[in-house]
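As a plain string of letters, each chain reads:
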Amino acid sequence: MAMTKQNFKNDNIIMRTIEELVPKDHLVRKMENCMDFKFIEDEVKDLYSDYGRPSIPPVVLFKMLILNKTFGINSMRRTCEEIEVNLAYRWFLGLSIDDKVPNYSTWSQNYIRRYKDSEIFQTLFDKVLDQAIDYGFVDVSSVFGDSTHQKANANKNKHKDIEIAITKKEYADELLNEINKDRVSHGKKEIKEVANNEIMFDENTGEVIENIDTKHIKQSLTDPESGCFHKGEKEKCFAYSHHIFTDKNGFVIAKTTIPGNIHDSESFSGVYNVLNQKFKDQINNICLDAAYATPAICKMIIENGHTPLMPYKRPMTKKGFFKKYDYAYDEYYDCYICPNNEVLSYSATDKKGYKQYKSNPNKCKTCPLREQCTQSKNMQKVITRHVWEEYKEQMNENRYTQNWKDNYPLRKETVERTFGDCKEQMGLRFTRVRGLQKNSHNSTIIFTCHNLKKMALWSWKYKKSTNSNTAIITNIVKNIVDNLKISKLKVISLFRHTTLSTI
């Protein structure tokens, strides 16, 4: 067969509308079909003046941002270039072929002057989520939480060492009361609360005279609000962490953004409070990874009426030594029993909330199991137990239930897959903006687009399925009318009281 050369003709005149040229199953049609974006105008109305020249409609600006994130373009300059030649994008924005595409700087200037300090990003997230709930796509009977880091727009080699005050934890006051209550019950003195977490300086010399509850951190010179992230074999860098909860179907239902140097267990309460504001009474199970298996978090979840589902974490004990579970706790006498049936008695409760139980050194000297128990010079074994340890033990018991087996494995299909999709397709792997507020808004839009895309695909599939079922019923009615020669209205009245499944 001879090779045929193709002659391109670029001078054709196409007499068709944009409506006809955009494919019927294009993603932009699905997004437009499932969501009415006109609410944006009402939400930002107060940010615009009643006088002056007409502005670019805010719906167009936010739809440009949705295109930017949904299709993973990232650069607003490039997004405008794509809109210029992409008819589907023009159709989504409501622009004709002759309309001028807004300049790429229009969005950034509107953000600086109008949207930066507004609640429009959170409102957009909530509206999309509420629409998904109305469709019946969201199931919060079990929710799945985790966090991921996003590399900041900062040079990891440009930083300075600073000393900062350690932020007081949300449950600090409650824990202090529990500690003092426990100490008093054992005849110990109460621990006094530190007045503040700030560093005190001498007014004359300027030297530090008190350095309580402080730590040294690396602060980026490029983006000071980011945090130095380093975990396992991952690259050490400045980053932001995004903490989210998803439902069983992978919809993001709550999120927060924090600097990357804050541990997951410390940031949990923030996103958990956001989750409870809307879904507290609807949630049965909270599924988290092992990083959240702390007594404080377990207590928080259980007291809110939720069931914590977390995996088993192996004790961090040297090889060849007894594990902590080899020592039996006697709740009635408040003591531990070692593998040699000797008692470890209560000693004290420290300011972190851990009760210390110590063995008798005289008995440990002659113990045949001492080499497997302790190598301390004073021949004494010490075991610690948190004042809220019973909540963690209750959480551990959930691992043996059918509820855990049915729900916890879904983490990899929900929250983990959400992070993977957002990183690969929507630019969550690294950020181009600087500052905590901008990155919080940026991540909110990413998770909004994730929910919007999922909702658009599902609603389109549901609509197509519904149309298919309607066609089936229509054909059944037609066959009955043709074969039985009875009134069409009579057949329709019969189908009015039945369903497709009955047929």
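Reference entry: report on the structure contained in this document. Values in this document were obtained by computation on a predicted structure and should not be read as measured data.

Details of the overall build of the protein
So, step 1. The secondary structure content of the protein amounts to 17 helices and 15 strands.
So, step 2. Counted over contacts in the protein with a minimum sequence separation of 6, partners at least 24 positions apart contribute 68%.
So, step 3. Per element, the accessible surface of the protein, about 30100 Å² overall, is 49% carbon and sulfur.

Section: the sheet that holds strand β11 (residues 328–330)
So, step 1. As summarised here, the arrangement of the 5 strands in space is β11-β12-β13-β14-β15, forming an open sheet in which the pairing is antiparallel. Two strands lie at the open edges of the sheet, namely β11 and β15 (382–386), each paired on one side alone. Neighbour to neighbour, the strand axes of the sheet diverge by 35° on average, direction disregarded.
So, step 2. Here β11 pairs with strand β12 (residues 335–337) via 3 bridges, running antiparallel. Residue Tyr 329 lies in a different strand from β12, and its bridge partner there is Tyr 336.
So, step 3. Lying on the sheet, helix α9 (residues 172–185) is in contact with β13 (343–349), β14 (354–358) and β15; it crosses β13 at an angle near 125°.

Focus on the nonpolar core
So, step 1. Tyr 115, Phe 245 and Leu 275 are the most contacted members of the largest nonpolar core, which totals 90 residues.
So, step 2. The leading source of residues in this core is helix α4 (residues 58–70), at 8 residues.
So, step 3. The next biggest cluster of nonpolar side chains, apart from the first, holds 9 residues, and it includes Phe 322, Tyr 336, Leu 344 and Tyr 346.

Observations regarding the pattern of salt bridges
So, step 1. In total, this model carries 16 salt bridges according to the counting rule given.
So, step 2. A salt bridge links Glu 19 to Arg 29; its shortest N-O distance comes to 3.0 Å. Placement of Glu 19 in helix α1 (residues 18–21) and of Arg 29 in helix α2 (residues 27–34) is noted, with a sequence separation of 10 residues between them.
So, step 3. Since its relative accessible area comes to 37%, Glu 19 is described here as partly exposed.
So, step 4. Where salt bridges share partners, they join Asp 146, Arg 411 and Glu 416 into one cluster.

Focus: the packing of helix α11 (residues 295–303) against helix α13 (residues 389–397)
So, step 1. Packing of α11 against α13 leaves a shortest axis separation of 8 Å and a crossing angle of 70°. Classified by the interaxial angle, the pair formed by α11 and α13 is roughly perpendicular. Of the residues in α13, those in contact with Pro 295, Cys 298, Lys 299, Ile 302 and Glu 303 of α11 are Glu 389, Tyr 391, Lys 392, Gln 394 and Met 395.
So, step 2. Grouping the amino acids of the contact of α11 with α13 by side-chain chemistry returns 5 nonpolar, 1 polar and 4 charged.

Looking at the layout of surface pockets
So, step 1. As a volume, the second largest pocket reaches approximately 630 Å³.
So, step 2. Lining the second largest pocket are 25 residues, and of these Leu 65, Asn 74, Trp 107, Val 433 and Asn 442 lie nearest its centre.
So, step 3. Of all the secondary structure elements, the ones that give two or more residues to the lining of the second largest pocket are α4, α5 (76–85), α7 (104–115) and α16 (436–484).
So, step 4. Top element by residues in the lining of the second largest pocket is α7. It accounts for 6 residues.
So, step 5. The residue makeup of the lining of the second largest pocket, split by class, is 10 nonpolar, 10 polar and 5 charged.

Digging into the pairing of strand β8 (residues 252–259)
So, step 1. Across the 8 residues that make up β8, a large majority, 8, are buried.
So, step 2. As defined by bridge partners, strand β7 (residues 237–246) adjoins β8 across 7 bridges and the pair is classed as antiparallel. Paired with Ile 244 across the strands is Lys 255, a residue of β8.
So, step 3. The hairpin formed by β7 and β8 contains 5 residues between the paired strands, and Gly 250 there has a positive phi angle of roughly 90°.

Some details on the packing of helix α10 (residues 264–279) against α11
So, step 1. Axis separation between α10 and α11 bottoms out at 10 Å; the angle between their running directions is 20°. The orientation of α10 relative to α11 falls into the category roughly parallel. Here α10 and α11 pass one another in a crossing that is left-handed. Two secondary-structure elements touch here, α10 through Ser 265, Phe 268, Ser 269 and Tyr 272 and α11 through Ile 297, Met 300 and Ile 301.

Comments concerning the packing of aromatic side chains
So, step 1. Evaluation of the coordinates by the stated rule reveals 23 aromatic pairs.
So, step 2. Joined through ring pairs, the aromatic side chains of Phe 62, Trp 107, Tyr 111, Tyr 115 and Phe 121 make up one cluster.
So, step 3. The positively charged end of Lys 63 is found above the aromatic ring belonging to Phe 92, 4.7 Å away from the centroid.
So, step 4. We note Lys 299 situated over the ring of Trp 388; from NZ or CZ to the ring centre the distance is 4.7 Å.

Reading the values: the criteria
- Residues numbered from 1 in each chain as written.
- Predicted model: local features only at pLDDT ≥ 70, side-chain atom pairs only at ≥ 80, totals over all residues.
- Heavy atoms only, no water.
- Helix = DSSP H or I, 4+ residues; strand = E, 2+ residues; numbered from the N terminus.
- Contact = heavy atoms within 4.5 Å.
- Areas by Shrake-Rupley, 256 points an atom, 1.4 Å probe, with all protein chains shown as cover.
- Pairing = 2+ DSSP bridges.
- Axes fitted to C-alpha atoms, helices over the stretch in contact; angles between N-to-C directions.
- Core = buried A, V, L, I, M, F, W, Y, C linked by side-chain atoms within 4.5 Å.
- Buried < 20%, exposed > 50% of the residue type's maximum accessible area, 1.4 Å probe, protein only.
- Salt bridge = Lys/Arg side-chain N within 4 Å of Asp/Glu carboxyl O.
- Parallel < 35°, antiparallel > 145°, perpendicular 65-115°, else oblique.
- Nonpolar A, V, L, I, M, F, W, Y, C, P; charged D, E, K, R; others polar.
- 1 Å grid on protein atoms, 1.4 Å probe; cavity = no way out; pocket = protein on both sides within 12 Å on 5 of 7 lines; lining within 4 Å.
- Points joined across faces, edges and corners; volume = space filled by probe spheres on them.
- Left-handed = near helix turned anticlockwise from the far one by under 90°.
- Phe/Tyr/Trp six-rings, centres within 6.5 Å; stacked < 30°, edge-to-face > 60°.
- Lys NZ or Arg CZ within 6 Å of the ring centre and 35° of its normal.

Such coordinate-based values are descriptive only and should not be taken to indicate function.
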